[in-house]
Amino acid sequence: GAGVSQTPSNKVTEKGKYVELRCDPISGHTALYWYRQSLGQGPEFLIYFQGTGAADDSGLPNDRFFAVRPEGSVSTLKIQRTERGDSAVYLCASSSSLAGGYNEQFFGPGTRLTVL
Amino acid sequence: AQKVTQAQTEISVVEKEDVTLDCVYETRDTTYYLFWYKQPPSGELVFLIRRNSFDEQNEISGRYSWNFQKSTSSFNFTITASQVVDSAVYFCALSEAPNNYGQNFVFGPGTRLSVLP
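Residues numbered from 1 in each chain as written. Chains lettered and ligands numbered in written order. Predicted model: local features only at pLDDT ≥ 70, side-chain atom pairs only at ≥ 80, totals over all residues. Heavy atoms only, no water.

Moving on: the overall build of chain B. Scanning chain B for helices and strands turns up zero helices and 12 strands. Listed by position from the N terminus, the elements making up chain B come as β-β-β-β-β-β-β-β-β-β-β-β. Computed over the C-alpha atoms, the radius of gyration of chain B is 14 Å, within 12% of the 13 Å expected from 2.2 N^0.38 for a compact globule of 117 residues. Based on the C-alpha atoms only, the size of chain B along its principal axes is roughly 50 × 30 × 20 Å. Within chain B, the proportion of its 117 residues that are buried is 46%. Taking as baseline every contact in chain B between residues at least 6 positions apart, the subset at least 24 positions apart corresponds to 57%. Total accessible area on chain B is roughly 5,800 Å²; 47% of this is exposed by carbon and sulfur atoms. (Helix = DSSP H or I, 4+ residues; strand = E, 2+ residues; numbered from the N terminus. Rg over C-alpha atoms; globule rule 2.2 N^0.38 Å. Buried < 20%, exposed > 50% of the residue type's maximum accessible area, 1.4 Å probe, protein only. Contact = heavy atoms within 4.5 Å. Areas by Shrake-Rupley, 256 points an atom, 1.4 Å probe, with all protein chains shown as cover.)

What follows is the structure in structure tokens.
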């Protein structure tokens with residue numbers, strides 16, 4: 001079956017612009033995560049959705065970052081007034097449920113965002 | 001607060017050598033989960049193993065083995081008879097038990113393994 005997909009694979013934008021990054025999770029997965037991975041570092045948690053609601057957005061760095069998942073499937077990460085420091089690979093992951101605390105996350109290929 | 005440390009930034013070995021990647025974690029929870037992921041040059045994170053805090057039994061899967069020791073808060077990963085295809089960045093991750101408000105999933109900084117022919 002299809003895995004997690006993310007579009008675009010690469011995005012180059014200018015400082016101050018608005019960008020949207022899309023994530024299509026594995027069909028049927030109720031949990032969806034966004035991470036940011038800077039060069040040479042591990043993924044850093046941004047936000048987690050269970051269904052349509054953001055269950056934990058404590059990792060969003062500031063109010064320029066926002067994410068939605070209106071129908072409980074596809075999610076969009078939105079970044080306003082981009083800054084050069086936002087340049088990173090943005091990873092999306094999905095998992096089936098929280099049942100029993102078991103949560104294997106399946107990751108997408110990421111979107112590489114470059115802010116000039 | 002939870003934290004994952006991977007002290008080895010980069011490791012180089014020659015093919016067929018054994019190599020161990022270290023992972024030390026910190027958490028205040030008694031129930032938690034530990035993971036290892038592989039990130040090959042293509043970039044996509046690949047799940048390798050999950051272990052819960054109540055299961056300290058070591059695990060072997062082919063050339064891979066994992067040594068979980070709660071007494072030292074370590075979850076080390078050994079590749080036996082390494083191959084060039086094992087070259088990748090390996091991440092250890094910690095997840096505390098989920099609750100109604102979500103789940104906290106923390107990755108270590110990664111260890112870049114290079115296996116030379």
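Back to the write-up after that little detour.
As enumerated under the stated definition, the model contains two disulfides over all chains in all. Through a disulfide, C23(A) is tied to C92(A); the S-S separation comes to 1.9 Å. Around the S-S axis, the bridge from C23(A) to C92(A) shows a dihedral of about -65° and counts as left-handed. Pair noted here: C23(A) is in strand β3 (residues 19-24) and C92(A) is in strand β9 (residues 88-95), with a separation of 69 residues, a long-range link. Since its relative accessible area comes to 0%, C23(A) is described here as buried. For C23(B), the disulfide goes to C92(B), at an S-S distance of 2.0 Å. A torsion of -65° about the S-S bond marks the disulfide between C23(B) and C92(B) as left-handed. Here C92(B) lies in strand β10 (residues 88-96) and C23(B) lies in the loop between β3 (19-21) and β4 (24-26), a separation of 69 residues in the sequence. The class of C23(B) is buried, set by a relative accessible area of 0%. The exposure class of C92(B) is buried, given its relative accessible area of 0%. (Disulfide = S-S within 2.5 Å.)

Within the structure shown, the criterion is met by 20 aromatic pairs over all chains. Arranged with centres 5.8 Å apart and planes meeting at 80°, the rings of F68(B) and F75(B) form a pair that is edge-to-face. The exposure class of F68(B) is buried, given its relative accessible area of 2%. Of the aromatic side chains, those joined through ring pairs into one cluster are Y33(A), Y35(A), F45(A), Y48(A), F107(A), F35(B), Y37(B), F47(B), F91(B) and F107(B). (Phe/Tyr/Trp six-rings, centres within 6.5 Å; stacked < 30°, edge-to-face > 60°.)

Turning our attention to the pattern of salt bridges. Overall, the coordinates contain seven salt bridges over all chains when judged by the stated rule. For the salt bridge of R36(A) with E44(A), the shortest nitrogen-to-oxygen distance reads 3.8 Å. The exposure class of R36(A) is buried, given its relative accessible area of 12%. Looking at E44(A), the relative accessible area reads 37%, which means it is partly exposed. Here R51(B) and D55(B) are joined by a salt bridge, their closest N and O atoms 3.3 Å apart. (Salt bridge = Lys/Arg side-chain N within 4 Å of Asp/Glu carboxyl O.)

This part covers the nonpolar core. All names here are of chain B. The biggest cluster of nonpolar side chains holds 25 residues, and the ones touching the most others in it are W36, W66, F75, F77, Y90 and L113. Mapped onto this core, the elements with two or more residues apiece are β2 (10-14), β3, β5 (32-39), β6 (46-52), β8 (64-69), β9 (74-79), β10 and β12 (111-116). Per-element accounting of this core gives the leading share, four residues, to β10. With sequence-adjacent residues up to four places away left out, F77 is seen in contact with V19, T20, L21, W36, L48, Y64, S65, W66 and Y90. (Core = buried A, V, L, I, M, F, W, Y, C linked by side-chain atoms within 4.5 Å.)

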